[in-house]
Amino acid sequence: MTLTEKIEANADLTLWAVHIIGPDEILAAPNHAVAEIHARELNKAVHNRVSWDDEILCFAYAVPWPHSADDHAKAVKKGQK
């Protein structure tokens, strides 16, 4: 197992989500790596829009899931549909 794999396995001892500051949304993610990728993709999509004012606060980042494990499982399942 590589160091990166060990780090991700350790990170996945908790449940993960993406927090989007601005609209204050929390999106469940199946694991840490997916949360990081989703946050990066959201940030690129938002900040590549030329119509956005630079003073609008909107940023996504990976965070531990703040609710129950059951709620996380439901949210992940719902997001995959």
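Everything discussed here concerns the structure shown above.
Residues numbered from 1 in each chain as written. Predicted model: local features only at pLDDT ≥ 70, side-chain atom pairs only at ≥ 80, totals over all residues. Heavy atoms only, no water.

A. Geometry of the sheet that holds strand S3 (residues 59–64). Overall, antiparallel pairing links the three strands, which are arranged S2-S1-S3 in an open sheet. Only two strands of the sheet have a single partner each, and these edge strands are strand S2 (25–29) and S3. Across this sheet, the average inter-strand angle for adjacent strands is 25°, counted without regard to direction. As defined by bridge partners, strand S1 (residues 16–21) adjoins S2 across five bridges and the pair is classed as antiparallel. When the bridges of S2 are listed, Ile-20 appears paired with Glu-25. (Pairing = 2+ DSSP bridges. Helix = DSSP H or I, 4+ residues; strand = E, 2+ residues; numbered from the N terminus. Axes fitted to C-alpha atoms, helices over the stretch in contact; angles between N-to-C directions.)

B. Main features of the packing of aromatic side chains. The full count for this structure, using the stated rule, is one aromatic pair. Centroid distance Phe-59 to Tyr-61: 6.3 Å. Interplanar angle 20°. Geometry classified as stacked. (Phe/Tyr/Trp six-rings, centres within 6.5 Å; stacked < 30°, edge-to-face > 60°.)

C. The arrangement of the environment of Val-63 in detail. Note on placement: Val-63 falls in strand S3. Along the chain, Val-63 and Ile-26 lie 37 residues apart, while their C-alpha atoms are 8.9 Å from each other. Apart from residues no more than four positions distant in its own chain, Val-63 is found in contact with Leu-15, Trp-16, Ala-17 and His-19. (Contact = heavy atoms within 4.5 Å.)

D. How the structure looks around the pairing of S1. Among the six residues of S1, five are classified as buried, and the element is accordingly described as predominantly covered. Between S1 and S2, which pair antiparallel and follow one another directly, the connecting turn spans three residues, one of which, Gly-22, has a positive phi of 120°. Of the pairings in the sheet, the one linking S1 to S3 comprises six bridges and is antiparallel in character. Looking across to S3, one finds that Trp-16 is bridged to Pro-64. (Buried < 20%, exposed > 50% of the residue type's maximum accessible area, 1.4 Å probe, protein only.)

E. Layout of the nonpolar core. Counting residues in each nonpolar core, the largest one holds eleven residues, listed as Ala-11, Trp-16, Val-18, Ile-20, Ala-29, Ala-35, Ala-39, Val-46, Cys-58, Ala-60 and Ala-62. Of all the elements in the fold, those that place two or more residues in this core are S1, helix H2 (32–47) and S3. Those residues in contact with Trp-16, other than ones at most four positions away along the chain, are Ala-11, Ala-28, Ala-29, Asn-31, His-32, Ala-35, Ala-62, Val-63, Pro-64, Trp-65 and His-72. (Core = buried A, V, L, I, M, F, W, Y, C linked by side-chain atoms within 4.5 Å.)

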